[in-house]
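# Summary of structural features
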Amino acid sequence: MRCLFVLRVGSVGAHPERGIGLCCGAMKQLRRNRGFSGVDANAPAIPKLRIGFLVLASTALLIAAGCEEAPTLEQIKAVQNAGRAAQTLEPLREMIDGGERSAEVFYLYGVALSANGEFNGAMWPLRKAMEDPDWTARAGMQMASDSYSAGNFELAVDICTTVLELEPENTNALVLRARARIDTRRDIELALADADAAIEIDADLHAARVARTVALLALEREEEAAEALEEIELLAYEEDPDQPNSARYCGARATFAREKGDQPLADERYTTCLERYPGSVILVEDALKFYEGLGQAERAREILAAALEASPDEREFRVGLAIRQAAAGRVEEAEATLRSSTDSDDPKMAAMAWLDLSGFLLERDRADDGVEAISKALELISNPAPELRFRYADALIAAGRFDEALAETENMRISAHQHLVRGRVHVARKQWADALREFETGLMDWPENAVARYYAAVAAEGVGDFDRAVEEFRYSIRASSTQTDARLRLAKFHNAEGLYEDAIAILRHDIAGHPPTPEMAALELAIIARVTGNTVIPQHLGRAIGRPGEFQRAYSGIVEAVHVRSGPEKALELLAASTLDLLDPVNARLLRDQIGLLGKLDRVEEAVALGRRASETQPESAGAHAAMGLSLLLAEDFSAAKAAFDRARELDAGNADALIGLARHAEIGGDLAAAVDLYVEADAAEPRDTIALEAAIDVLMRTERFSDAEAKLELLLEREPYFGRASLRLVELRVARGAGDEERTRVLARHAMRFGGAGPAAEKVLAAN
């Protein structure tokens, strides 16, 4: 029995959308017109909005209708005409294997391969089809389009030329050759001639006019390009003001103004276009890029809110608005936005909304709520895809509901999923050897699974096989550099063992396609500053840490790196040379750094003056009062210091610097139990830092609360997995209580020796084993 008609309704997964890097913004906007990018100049455009993601949610259901006999050529053509050409691969392959050699079959086979993304594989059947004069032009255009899609612009030009020798007035060939010539960056004048020729044949052909405009832009004939673009917009608007192309061309003119640096004109044009086409995906995308580039976050939210009102079923608008609401601290509004479509009458849309909501909740550590949201989606889908079951089990693991996750494996149809879920449960339970066995088995069926490779690396670290961990991390990155934080983790690994060049190389892997995260950028900047002394922030790393808070964290890391490399004086010079206003509340972290550095140089009076100036200038800033308290601790004015910290807590009960200050005050006063509690509270307030946690461990060790110290050291290693000195302290504690011959102690000893925590205790454990 052969299965031909397979309809893929959707799939479940998560992926970030990235920008496209072409010539310039205006050219990008024009190229998004399918009439300019496909063989069929009249094909509709299907834009995607690159405005962020939570979880790409759709219902993934495979519907197969079998047929007892091999499909006929007419049936195959009908499936291809319905837009499902990739599904005809197998029957066409069988036809050719059975001896069918007609040009039409070769052509259809080439189309099927192309639809499946196998452009190189499609070349042979399409060349065979071109041997028949009746099929040369049609097969040639498909081959030229494939060549262009694969980036082989020279071949696309050659094939279009062959087609035009047979059909001189083939406008599709003229337009495609113009595009290919533009992208070779050499024959722009000839590209312009091709576009003009196509317009002479068909004056209303938008694709040709777009090609002409792009050619003019490439030739830097900006005034002519602007006029041509205006003509395109007017033509499109006159034909049908509501068609997608009208919004596209309107937006292109705004983009053109933006690219020329005329912000007022760009603002005027975007405003006009958005009033006309508030629900245009591609227009909204470009407008967001403009306004967010100017730091106008509120304007971006207004645009998305209007877009969602105009197109309430557009998932991208809903998710994009929620992301920005959450980023602005309006978390409840963001959740309400995502919930707005969960009661849709369309089960598929409601399921997608529940899945988006689950991603949002899981990202905010509301794991049980996230599990409930996914279960709501499962209720709406009669035959859930394996990937959705897998994601549900993963959410259960995140919620700590391990037994339920294991039970869910019984509902899974893919054995690799079962092994990966069991492996994840073992990782969560720190059963490293069992986890590694499960991942090894699962990876036999699914070797390119980046997430499984990542967790296999973590499990390998757990058993102390660090070389194996490196290989698994590298494999994970090769499989996908975005599905996990393998790039960041492996870079931290190499940084901790002193292999700085390797760390930088990993951070820069696939940087063009997948720019660094803020944490990756911060790590690279700190390594460069520590190793070379260079504190200049490259533009691409500056973009990664552009958000308030992320920049200050990264710059603080640079300051610390300079401190380690060259001493506190040089670190202070770096802060003084910056143009940052350290009294601005957003720079509270850096103000704290400066006061701390002044203290190391015994310049206490300067520190107190700075702290006082901060608290007087910013009386409603918790960070300013915490800085004041820190400076007063340095001056040993303990009662005034406590008053400053208390005031900071009145303004912000969760201010980590204030909590740390109060903990130090308690420690100085001899109330060590209270100090530990305050350090722990500070750590919970700012879990991305380990300052408070390390301080709590120090006090626990001094008070001989060794069991508590051991638990906190394990927590520290969970958050900073390559902290060799933490491993050494754990080894010392475990040896002291008679656990020196246990496997965990041996793993910790190997960890300490590899990551800068070498010491007699670790050496002794390893020598004895």
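Residues numbered from 1 in each chain as written. Predicted model: local features only at pLDDT ≥ 70, side-chain atom pairs only at ≥ 80, totals over all residues. Heavy atoms only, no water.

### Description of the confidence of the model for the protein chain
For the protein chain, per-residue confidence averages 85 on the pLDDT scale, and residues scoring 70 or more make up 88% of the total. Long-range and interchain partners of residues 1-68, a stretch whose pLDDT sits below 50, account for 190 contacts in this model, where long-range means more than four residues apart. (pLDDT = per-residue confidence, 0-100. Contact = heavy atoms within 4.5 Å.)

### Re the side chain of arginine 318
Here arginine 318 shows up in helix H17 (residues 315-327). Note on arginine 318: relative accessible area 1%, which makes it buried. Residues contacting arginine 318, with those up to four places away along its chain left out, are Leu308, Pro312, Thr337, Leu338, Ser340, Ser341, Ala353 and Asp356. (Helix = DSSP H or I, 4+ residues; strand = E, 2+ residues; numbered from the N terminus. Buried < 20%, exposed > 50% of the residue type's maximum accessible area, 1.4 Å probe, protein only.)

### Re the nonpolar core
The biggest cluster of nonpolar side chains holds 43 residues, and the ones touching the most others in it are Leu92 and Tyr107. At the level of secondary structure, the elements contributing two or more residues to this core comprise helix H4 (89-97), helix H5 (103-115), helix H6 (119-130), helix H7 (136-149), helix H8 (153-166), helix H9 (171-184), helix H10 (188-201) and helix H11 (206-218). No other element matches H5, which puts nine residues into this core. If sequence neighbours within four positions are ignored, tyrosine 107 has contacts with Pro125, Leu126, Ala129, Trp135, Arg138, Ala139 and Gln142. (Core = buried A, V, L, I, M, F, W, Y, C linked by side-chain atoms within 4.5 Å.)

### A look at helix H33 (residues 588-600)
Compared with an ideal rise of 1.5 Å per residue, which puts 13 residues at 18 Å, H33 spans 19 Å between its outermost C-alpha atoms and is within 8% of the ideal. Among the residues making up H33, those that are buried are Ala588, Arg589, Leu590, Leu591, Arg592, Asp593, Gln594, Ile595, Leu597, Leu598 and Gly599. Of the residues flanking the end of H33, it is aspartate 602, one or two places downstream, whose phi is positive at about 60°. (Expected span 1.5 Å × (residues − 1).)

### Observations regarding the packing of aromatic side chains
Taken as a whole, this structure holds 16 aromatic pairs when the rule is applied. Judged by centre distance (6.2 Å) and plane angle (15°), the rings of phenylalanine 439 and tyrosine 455 are stacked. Remark: tyrosine 455 occurs in helix H25 (residues 450-462) and phenylalanine 439 occurs in helix H24 (residues 432-445); sequence separation between them is 16 residues. In terms of burial, phenylalanine 439 and tyrosine 455 fall into one category: buried. Pairwise contacts between aromatic rings join Phe439, Tyr454, Tyr455 and Phe473 into one cluster. Just above the ring of tyrosine 291 sits the side chain of arginine 299; from NZ or CZ to the centre is 4.9 Å. Cation over ring: arginine 478 sits above tyrosine 475, and NZ or CZ is 5.1 Å from the ring centre. (Phe/Tyr/Trp six-rings, centres within 6.5 Å; stacked < 30°, edge-to-face > 60°. Lys NZ or Arg CZ within 6 Å of the ring centre and 35° of its normal.)

### Some details on the packing of helix H27 (residues 486-496) against helix H29 (residues 518-532)
Where H27 meets H29, the closest approach of the two axes is 10 Å, and the angle between their N-to-C directions is 20°. Comparing the axis directions of H27 and H29 gives the class roughly parallel. In this structure, H27 meets H29 at a crossing whose hand is left-handed. For the pair H27 and H29, contact is made by Arg487, Leu488, Ala491, Lys492 and Asn495 and by Glu519, Met520, Leu523 and Ile527, respectively. Here the contact of H27 with H29 is composed, by residue class, of five nonpolar, one polar and three charged. (Axes fitted to C-alpha atoms, helices over the stretch in contact; angles between N-to-C directions. Parallel < 35°, antiparallel > 145°, perpendicular 65-115°, else oblique. Left-handed = near helix turned anticlockwise from the far one by under 90°. Nonpolar A, V, L, I, M, F, W, Y, C, P; charged D, E, K, R; others polar.)

### What to know about H8
Two residues of an α-helix separated by three or four positions point the same way, owing to the 3.6 residues in each turn. In this model H8 runs 20 Å from its N-terminal to its C-terminal C-alpha over 14 residues, within 8% of the 20 Å that 1.5 Å per residue would give. All of the buried residues in H8 are Leu155, Ala156, Val157, Ile159, Cys160, Val163 and Leu164. Against H6, H7 and H9 lie the buried residues of H8.

### Remarks on a negative patch on the surface
Taken together, Asp313, Asp343, Asp345 and Asp346 make up a surface patch of like negative charges. For aspartate 313, a relative accessible area of 54% gives the class exposed. (Patch = residues over 30% accessible without salt bridge, like charges linked within 9 Å, V, L, I, M, F, W, Y side chains within 5 Å. Areas by Shrake-Rupley, 256 points an atom, 1.4 Å probe, with all protein chains shown as cover. Salt bridge = Lys/Arg side-chain N within 4 Å of Asp/Glu carboxyl O. Lys, Arg positive; Asp, Glu negative; His and termini not counted. Charge placed at Lys NZ, Arg CZ, Asp CG, Glu CD.)

### Observations regarding the packing of helix H41 (residues 724-736) against helix H43 (residues 760-768)
Two elements in contact, H41 and H43, have axes whose closest approach is 8 Å; the angle formed by their N-to-C orientations is 65°. Relative to H43, the crossing made by H41 is left-handed. Residues Leu728, Val731, Glu732 and Val735 of H41 lie in contact with H43, whose contacting residues are Ala761, Ala762 and Val765.

### A look at the environment of leucine 108
Counting through the fold element by element, leucine 108 comes out in helix H5. Separated by 18 residues in the primary sequence, leucine 108 and leucine 126 have C-alpha atoms spaced 8.5 Å apart. Excluding anything up to four places from it in sequence, leucine 108 contacts Leu73, Lys77, Gln80 and Leu92.

### Let's talk about unusual backbone geometry
Phi angles above zero are rare outside glycine, and lysine 430 is one such case at about 60°. By the secondary structure assignment, lysine 430 is in the loop between helix H23 (415-428) and H24. If you check the backbone angles, glutamate 636 has positive phi at about 60° while not being a glycine. Structurally, the position occupied by glutamate 636 is in the loop between helix H35 (622-634) and helix H36 (638-651). Taking relative accessible area as the criterion, glutamate 636 reaches 59% and is therefore assigned exposed.

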